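Structural description and commentary
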Amino acid sequence: MTDMTEQRLSEILAAYGADPKRWPEHEREAATALVARSHEARMAVAEEAELDASLDLVDMEAAPSWLAPKIGAVLAEEASTRPLLS
């Protein structure tokens, strides 16, 4: 098992969301272990789960074509300003 840093977990959450089934297979065990032992990691996963749930509510098929790029821009801004785990 590889060592998982808090920074790498933050990157995984930003890229793949809160569901461990979507995390890279070769890092999943280490990331799950970090979440099990770190309150900050659990909080980061919980925050990402809230974002995932909000995104699941968006019906992109029914949304106007101009909306997807705006959502992408908001998500990119959120990811760039979200503090890494400390």
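Scroll up a little and you will see the structure.
An account of the accompanying structure is given in this report. Note that the structure is predicted; figures quoted are calculated from it, not measured. (Residues numbered from 1 in each chain as written. Predicted model: local features only at pLDDT ≥ 70, side-chain atom pairs only at ≥ 80, totals over all residues. Heavy atoms only, no water.)

So, the packing of helix α1 (residues 6-16) against helix α3 (residues 39-56)
- Relative to each other, α1 and α3 sit at 10°, their axes nearing to 10 Å. As the angle between them shows, α1 and α3 are arranged roughly parallel. Here Leu9, Leu13 and Ala14 of α1 lie close against α3, whose contacting residues are Ala41, Ala44, Val45 and Glu48.
- Across the contact of α1 with α3, the residue classes tally to six nonpolar, no polar and one charged. (Axes fitted to C-alpha atoms, helices over the stretch in contact; angles between N-to-C directions. Helix = DSSP H or I, 4+ residues; strand = E, 2+ residues; numbered from the N terminus. Parallel < 35°, antiparallel > 145°, perpendicular 65-115°, else oblique. Contact = heavy atoms within 4.5 Å. Nonpolar A, V, L, I, M, F, W, Y, C, P; charged D, E, K, R; others polar.)

A look at the pattern of salt bridges
- Counted under the stated rule, the structure contains four salt bridges.
- Close ionic contact of Arg8 with Glu11 constitutes a salt bridge, the shortest N to O distance being 3.3 Å. Of this pair, Arg8 and Glu11 both sit in helix α1, three residues apart, which is roughly one turn of the helix.
- Taking relative accessible area as the criterion, Arg8 reaches 26% and is therefore assigned partly exposed.
- Judged by its relative accessible area of 36%, Glu11 falls in the partly exposed class.
- Between Asp52 and Arg22 there is a salt bridge whose closest N-O contact spans 3.3 Å. On the criterion of sequence distance, the pair formed by Asp52 in helix α3 and Arg22 in the loop between α1 and α2 (25-37) is long-range, its members being 30 residues apart.
- A relative accessible area of 13% means that Asp52 is categorised as buried.
- With relative accessibility at 45%, the residue Arg22 sits in the partly exposed group.
- Salt bridges here are not isolated pairs; linked through shared partners, they connect Arg8, Glu11 and Glu27. (Salt bridge = Lys/Arg side-chain N within 4 Å of Asp/Glu carboxyl O. Buried < 20%, exposed > 50% of the residue type's maximum accessible area, 1.4 Å probe, protein only.)

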